[in-house]
Amino acid sequence: MRNKSVSHPFSLSPPEHAALALYDLVWRMATPLLRRNARLSEGFEQRTLQQRLPAADLWIQAASAGESYLVSEILKTLRPPYPIRVLMTSNTRQGVEILQRVATENASRDRYAGVAVAYFPFDRPGLMKKAVEQVRPRLMVLAETEIWPGLLTALRRFGSRTVLVNGRMSPGSLRGYSLWPALLRKLGPDRVLAVSPDDAGRFGQLFGRERVSVMSNIKFDRIRPGEAASDRYRALKRLLPDAPFLVLGSVRHDEAGPVEKMLCRIRQACPQAVTGLFPRHLHRTAYWKARLDAHGIPWVLRSHLSKPVTAGSVILWDTFGELASVYRLAGAAFVGGSLGTFGCQNFLEPLTCGLMPVIGPCRNHFEWVGTEIFDRGLVRMGEDWQAVSALLTADLENPRPRRAVLAAVKKYLSARQGGTVRACELIEGALCK
């Protein structure tokens, strides 16, 4: 079926035109500087449309790795009314790599006429106008919190429908977006599915309550307790000695100091323990090499690992995509971001492996989960690095039976899954219009 535009009454006031023109000018001036940024220089030709984007019926934008995993769930579940062409984009290399695997997994499905992946273009309004004209999407799907004025303006002008699924919005983000309240209400998605009533209320303030509904978070659908061991899991298992194994997952740069102290304390209590240290961003690997050397802690890069490590060593993970498999092997796990200020990383992932993780006091990215998961003891929270260290040491000395943990996780999840189906129903309906 050929793309066709949807009629939307859309016009901008002179001040709104001026605001977007200024926004375009800022992007135009900043773009040459962005080329010098190591992360943004990756895929720069696609980000600036020096490489043409493919046409697609459905364009899905996922900011980074976490959102890209959600897109994977959507494409596995989606049943479009006709074979559609799909374009998936992300802002980061990790997100693009995940989406490339998603494309490979879905390329042969009859319901997709083509599945392509690209870096998300810079949001300069003039550039986004060109991007939308190249892609010509019937429907744009934004995952979680992707509010780009340049993109939304181009979609409205072209007549594409837009939906935002698995939506999250913090009070701070709402204050920032509220600087342009009238403009964003005009540009906002046709429908928003938010992951909690609080998030829905904030989206409603920004875009209008009539556009917003609540869904279960797709992250709950990604928790599949007790899945069969993968080949990657078995290969990793052969690299570990018969010793306690601790995972420090997705450690962010702003919590490096507390995590460093935590690692030293746990090594004093459990000197034979092997530690898998996962920096949240791989360019931080050099920092951790220097800090481990400073403490005289033996370490090996994951990329250089070909035989079992020595007990008491640290495996510094410089490869991407293995954290989920490693959680299956651990006796204890800390989930990063929670000792810093940016917000906790995904502490639900270890639960899929029957492993109850430990986090620090900062969990503002996961407020939507609520408190019951802590009340049930499925996730433990320490008020500081000392408390986190004590919980992890206890887990290493007395690991919890995985089978019992998995049973508790399944009970907890039973009333919280189904968000993927809800999102796909909205997408399928929008593709029919």
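As shown above, the structure is provided for reference.
A brief report on the enclosed structure follows.

About the cut-offs
- Residues numbered from 1 in each chain as written.
- Predicted model: local features only at pLDDT ≥ 70, side-chain atom pairs only at ≥ 80, totals over all residues.
- Heavy atoms only, no water.
- Axes fitted to C-alpha atoms, helices over the stretch in contact; angles between N-to-C directions.
- Helix = DSSP H or I, 4+ residues; strand = E, 2+ residues; numbered from the N terminus.
- Parallel < 35°, antiparallel > 145°, perpendicular 65-115°, else oblique.
- Left-handed = near helix turned anticlockwise from the far one by under 90°.
- Contact = heavy atoms within 4.5 Å.
- Phe/Tyr/Trp six-rings, centres within 6.5 Å; stacked < 30°, edge-to-face > 60°.
- Buried < 20%, exposed > 50% of the residue type's maximum accessible area, 1.4 Å probe, protein only.
- Lys NZ or Arg CZ within 6 Å of the ring centre and 35° of its normal.
- Pairing = 2+ DSSP bridges.
- Arc of directions from axis to C-beta.

Notes on the packing of helix α12 (residues 256-269) against helix α13 (residues 285-294)
Then, in step 1: Contact geometry of α12 with α13 gives a least axis separation of 12 Å together with a crossing angle of 40°. The orientation of α12 relative to α13 falls into the category oblique. For the element pair α12 and α13, the recorded crossing hand is right-handed. Judged by residue contacts, Ala256, Val259, Glu260 and Leu263 of α12 engage Tyr287, Trp288, Arg291 and Leu292 from α13.

Considerations on the packing of aromatic side chains
Two aromatic rings are characterised by how far apart their centres lie and by the angle between their planes.
Then, in step 1: Going through the model one piece at a time under the given rule, you end up with 12 aromatic pairs.
Then, in step 2: A centroid spacing of 6.1 Å and a plane angle of 75° characterise the contact between Tyr23 and Trp180, whose relative ring orientation is edge-to-face. Here Tyr23 is found in helix α1 (residues 14-34), whereas its partner Trp180 is found in the loop between α7 (171-177) and α8 (181-187), with 157 residues between them in sequence.
Then, in step 3: The class for Trp180 is partly exposed, based on a relative accessible area of 28%.
Then, in step 4: Summarising the aromatic geometry, the rings of Trp59 and Phe120 are spaced 6.4 Å apart at their centres and angled 55° between planes, so their arrangement reads as tilted. Taken as a pair, Trp59 in strand β1 (residues 58-62) and Phe120 in the loop between β3 (112-119) and α5 (125-135) lie far apart in primary sequence, 61 residues in all.
Then, in step 5: A residue is classified by how much of its surface remains accessible, and Trp59, at 0% relative accessible area, is buried.
Then, in step 6: Owing to a relative accessible area of 2%, Phe120 belongs among the buried residues under this scheme.
Then, in step 7: Lying over the aromatic face of Phe342, Arg252 brings its terminal NZ or CZ to 4.5 Å of the ring centre.
Then, in step 8: Positioned above the aromatic ring of Tyr233, the side-chain terminus of Arg328 is 4.9 Å from the ring centre.

Section: the sheet that holds strand β5 (residues 161-167)
Then, in step 1: In space, the seven strands of this open sheet follow the order β3-β2-β1-β4-β5-β6-β7, with parallel pairing throughout. The open sheet terminates on both sides in strands that have one partner only, identified here as β3 and β7 (212-214). The sheet shows a mean angle of 20° between the axes of neighbouring strands, taken without regard to direction.
Then, in step 2: Two elements, strand β2 (residues 84-90) and β3, share seven bridges in a ladder whose sense is parallel. Counterpart to Arg85 in the pairing with β3 is Gly114.
Then, in step 3: The sheet strands contacting helix α6 (residues 149-158) are β1, β4 (139-143) and β5, and the helix crosses β4 at an angle near 160°.

Describing α13
Then, in step 1: Of the residues making up α13, those classed as buried are Thr285, Trp288 and Leu292. Within α13, the buried residues cover an arc of 60° as seen down the axis, which keeps them to one side. Summarising the geometry of α13, the exposed residues directed more than 90 degrees from the buried face are Ala286 and Ala294.
Then, in step 2: The elements touched by buried residues of α13 are β8 (245-251), α12, β9 (274-279), β10 (299-301) and β11 (314-316).
Then, in step 3: The positive-phi residue at the C-terminal boundary of α13 is Gly296, with phi of around 70°.

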